[in-house]
Amino acid sequence: MHSAPASFDELDRKIITALMANARTSFAEIGTAVGLSSTAVKRRVDRLRETGVITGFTATVQPSALGWRTEAYVEVYCEGAAPPRRLAEVVRNHPEITAAMTVTGGADALLHVRARDVEHFEEVLERIRIEPFIRKTISVMVLSHLIPESPEAGASQPAPVETSKRASELR
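Heads up: these notes are all about the structure in this document. Keep in mind that what you see is a predicted model, and the values were worked out from it rather than measured. (Residues numbered from 1 in each chain as written. Predicted model: local features only at pLDDT ≥ 70, side-chain atom pairs only at ≥ 80, totals over all residues. Heavy atoms only, no water.)

### Overview of the overall build of the protein chain
At step 1: If you tally the helices and strands in the protein chain, you get 6 helices and 4 strands.
At step 2: Its helices and strands taken in sequence order, the protein chain reads α-α-α-β-α-β-β-α-β-α from the N to the C terminus.
At step 3: With 171 residues in all, the protein chain has 33% of them scored as buried.
At step 4: Summarising the internal contacts of the protein chain: among those between residues at least 6 apart in sequence, 70% fall at separations of at least 24. (Helix = DSSP H or I, 4+ residues; strand = E, 2+ residues; numbered from the N terminus. Buried < 20%, exposed > 50% of the residue type's maximum accessible area, 1.4 Å probe, protein only. Contact = heavy atoms within 4.5 Å.)

### Observations concerning the side chain of Ser150
At step 1: By the secondary structure assignment, Ser150 is in the loop between β4 (134–141) and α6 (164–170).
At step 2: Of note is the side chain of Ser150, whose polar atom sits 2.9 Å from the backbone oxygen of Ile147. (Polar contact = N/O pair within 3.5 Å; in protein donor to acceptor, adjacent residues only side chain to side chain.)

### Quick look at empty space enclosed by the protein
At step 1: Summed over all chains, the structure comprises 1 cavity of 30 Å³ or more.
At step 2: Its boundaries defined by the atoms lining it, the largest cavity holds a volume of some 40 Å³.
At step 3: Considering the residues around the largest cavity, the lining is formed by Val76, Leu87, Val90, Val91, Ile97, Leu111, Ile128 and Ile134.
At step 4: It is helix α4 (residues 84–92) that provides the largest number of residues to the lining of the largest cavity, a total of 3 residues.
At step 5: Residues belonging to the lining of the largest cavity are distributed by class as follows: 8 nonpolar, no polar and no charged. (1 Å grid on protein atoms, 1.4 Å probe; cavity = no way out; pocket = protein on both sides within 12 Å on 5 of 7 lines; lining within 4 Å. Points joined across faces, edges and corners; volume = space filled by probe spheres on them. Nonpolar A, V, L, I, M, F, W, Y, C, P; charged D, E, K, R; others polar.)

### Topic: helix α3 (residues 38–50)
At step 1: The terminal C-alpha atoms of α3, which comprises 13 residues, lie 18 Å apart, in line with the 18 Å expected from a rise of 1.5 Å per residue.
At step 2: Those residues of α3 that fall on the buried side of the exposure criterion are Ala40, Val41, Arg44, Val45 and Leu48. Around the axis of α3, the buried residues are gathered within 135° of arc, so they sit on the same side. For α3, the exposed residues lying more than 90 degrees away from the buried face are Arg43 and Glu50.
At step 3: Looking at the packing, one finds that the buried side of α3 touches α1 (10–21) and α2 (27–34).
At step 4: Gly52, located one to two residues past α3, shows a positive phi value of around 85°. (Expected span 1.5 Å × (residues − 1). Arc of directions from axis to C-beta.)

### A look at the pattern of salt bridges
At step 1: Under the definition given, this model contains 11 salt bridges.
At step 2: Between Arg47 and Asp12 there is a salt bridge; the shortest N-O distance is 2.8 Å. Residue Arg47 is located in helix α3, and its partner Asp12 is located in helix α1; the two are separated by 35 residues in the primary sequence.
At step 3: Under the relative-accessibility criterion, Arg47 is labelled partly exposed at 31%.
At step 4: In this structure, Glu123 engages Arg127 in a salt bridge whose closest nitrogen and oxygen atoms are separated by 2.5 Å. On the criterion of helical spacing, the pair formed by Glu123 and Arg127 is a turn pair, its members being 4 residues apart in helix α5 (residues 118–129).
At step 5: What you see here is one network of salt bridges that share partners, running through Asp9, Asp12, Arg44 and Arg47. (Salt bridge = Lys/Arg side-chain N within 4 Å of Asp/Glu carboxyl O.)

### A closer look at the pairing of strand β1 (residues 70–78)
At step 1: Burial runs high along β1: 7 of the 9 residues are buried.
At step 2: The pairing of β1 with strand β3 (residues 109–115) spans 7 bridges and is classified as antiparallel. Across the sheet, Thr70 pairs through a bridge with Ala115, a residue of β3.
At step 3: Pairing of β1 with β4 involves 7 bridges; the strand directions are antiparallel. Opposite Cys78, over in β4, you have Ile134 as the bridge partner. (Pairing = 2+ DSSP bridges.)

### Some points on the nonpolar core
It is characteristic of soluble globular proteins that their nonpolar side chains tend to be buried jointly.
At step 1: Core analysis: the largest hydrophobic core is formed by 19 residues, its most contacted members being Val74, Val76, Leu111, Val113, Phe121 and Phe133.
At step 2: Those elements that place two or more of their residues in this core are β1, α4, β3 and α5.
At step 3: Apart from the residues within four sequence positions on either side, Val76 is in contact with Ala107, Asp108, Ala109, Leu111, Ile134, Lys136 and Thr137.
At step 4: Residues Ile15, Ile16, Val34 and Leu48 belong to the second largest nonpolar core, which totals 9 residues. (Core = buried A, V, L, I, M, F, W, Y, C linked by side-chain atoms within 4.5 Å.)

Structure follows, in structure tokens:
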């Protein structure tokens, strides 16, 4: 987490907006749009990366093309006060968890989970629930995305290969 927001001007904001719309836009195209040379745009992008304003470039992919056909949000309720650091350790062990955050309200955390199918989602949920400090979970399955071009509607990694339990059942 950055302690103070990095300062940037209106040209930086326009460059960031162009990259957020399409990260493959060339520096020359961005330069034409904002009134800078491609070299000046590159220098600004390099500075924005160095200062942590731009954290990376990704491709948004149709989840089903990567094997993710089921999606859900899971509220996690912990026994006592589970530190965010411990929750972060747990979620890193599950490749199906594509986003996780601590939240206000009744739940302690909210997880965004993608799975191959409902059976796979159930297996993931059981793996999450066996953590000793997790008291309960409440899941909400996603039926459709109302804003299909949002980052949440895309996938950032392919579905994992069959887990050892399911793989052994298939043998």
